[in-house]
Amino acid sequence: MIILHIETSTNVCSIAISEHGKCIFSKANFDGMSHASLLSVFISEAFDEIKKTSKVIDAIAVSSGPGSYTGLRIGVSTAKGLCFGLDIPLIAVSTLEVLTTSALSSVGISDKALFCPMIDARRMEVYDALYNSNGEIIREISADIIDDNSFQEYLSNNTLYFFGNGAEKCKSTLTHSNAYFIDNLNPLAENMIPLAEKAFLKKEFVDVAYFEPFYLKEFYTTAKKIE
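Reading the values: the criteria
Residue numbers restart at each chain and count upward from 1, following the sequence in its written direction. Only residues with pLDDT of at least 70 get local features here, since the model is predicted, and only at 80 or more are side-chain atom pairs given and counted; chain-wide, interface and lining totals rely on the full set of residues. Hydrogens and waters are ignored; side-chain quantities use all the structure's heavy atoms. Buriedness for pockets is judged along seven lines, at least five of which must meet protein on both sides within 12 Å for an open set on the 1 Å grid over protein atoms alone, while cavities are sets there where a 1.4 Å probe fits but cannot get out, and lining residues have an atom within 4 Å of a point. Grid points are joined across faces, edges and corners, and a volume is the space filled by probe spheres set on the points. A run of H or I in DSSP becomes a helix once it reaches four residues, and a run of E becomes a strand once it reaches two; helices and strands are each numbered from the N terminus. Residues are grouped as follows: Ala, Val, Leu, Ile, Met, Phe, Trp, Tyr, Cys and Pro are nonpolar; Asp, Glu, Lys and Arg are charged; all remaining types, including Gly, are polar. A simple rule labels every residue: compare its accessible area, found with a 1.4 Å probe on the protein chains alone, to the largest value its type can have, and call it buried under 20%, exposed over 50%, or partly exposed in between. Polar contact criterion, stated in full: a pair of N or O atoms within 3.5 Å, where within protein one must be able to donate a hydrogen and the other to accept it, and residues adjacent in sequence count only if both atoms are side-chain atoms. When checking whether two residues touch, look at their non-hydrogen atoms; a contact exists if any pair is within 4.5 Å. A carboxyl oxygen of Asp or Glu within 4 Å of a side-chain nitrogen of Lys or Arg is what we treat as a salt bridge.

(A) Up close: the layout of surface pockets. Estimated volume of the largest pocket: approximately 490 Å³. Elements supplying a minimum of two residues to the lining of the largest pocket: strand S5 (90-93), helix H3 (95-104), strand S8 (137-145) and helix H5 (193-201). Among the residues forming the lining of the largest pocket, the class breakdown is 10 nonpolar, five polar and six charged.

(B) View of the side chain of Asn132. Mapped onto the elements, Asn132 comes out in strand S7 (residues 125-132). Asn132 gets classed as buried once you look at its relative accessible area, which sits at 15%. Reaching out from Asn132, the side chain makes a polar contact with the side chain of Glu136 at a distance of 2.8 Å. Dropping the residues within four chain positions of it, Asn132 is found in contact with Leu104, Ala113, Leu114, Phe115 and Ile138.

(C) Structural view of the pattern of salt bridges. Going through the model one piece at a time under the given rule, you end up with nine salt bridges. Salt-bridge contacts for Glu45 lead to Lys27; the nearest nitrogen and oxygen are separated by 2.5 Å. Here the residue Glu45 occupies a position in helix H1 (residues 35-52), and Lys27 occupies one in strand S3 (residues 22-29), the gap between them amounting to 18 residues. Judged by its relative accessible area of 29%, Lys27 falls in the partly exposed class. The network of salt bridges with common partners includes Asp128, Arg139 and Asp144.

Everything listed here is a matter of coordinates, which is why it stays silent on function.
Here it is as structure tokens:
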């Protein structure tokens, strides 16, 4: 099982190739929105590595958002084109799940810990979700306006970790003693690997022709306060 992973949901552009769940190639750029110029170069380098082994790509995995309209459009359109050209399936992986996979590997885990990935929208608005220490979702993705009362029902009984590019602006608002922030955590293609592999084994593929990612522009009609 060889999968090409593409992550372009934020200002970081990254790709990775995995073989049977192990990362065998990765490339990332953290310098800003250069996806249009860098993604094709990264993928070309990845394919050159694959050609050396006479192996072939079995599927493409792409970050499905929520995230930047421009970044996701570039990543998803590239993934679709590759799937059509190579006649292989497409796997969609939630950006928030990718972030949570990174967080789970970076902190000490306890049964009382919850994890809240945040993608920035505007003002005090974010896309977020909640996961437990097993990486299982306990509150679905939602668009929220963060204030002093946000997440109180979870913070009262749990350690709650916040991370992602929407978390930084929430530090001065989410000041509960059980609120912790993980800095400089970005969604990266190599952290998509366990999620994409699981989907591949279950044959959880998306329709290449009709799949659309979760763009941030949808936020403006769905945001709400979270208690």
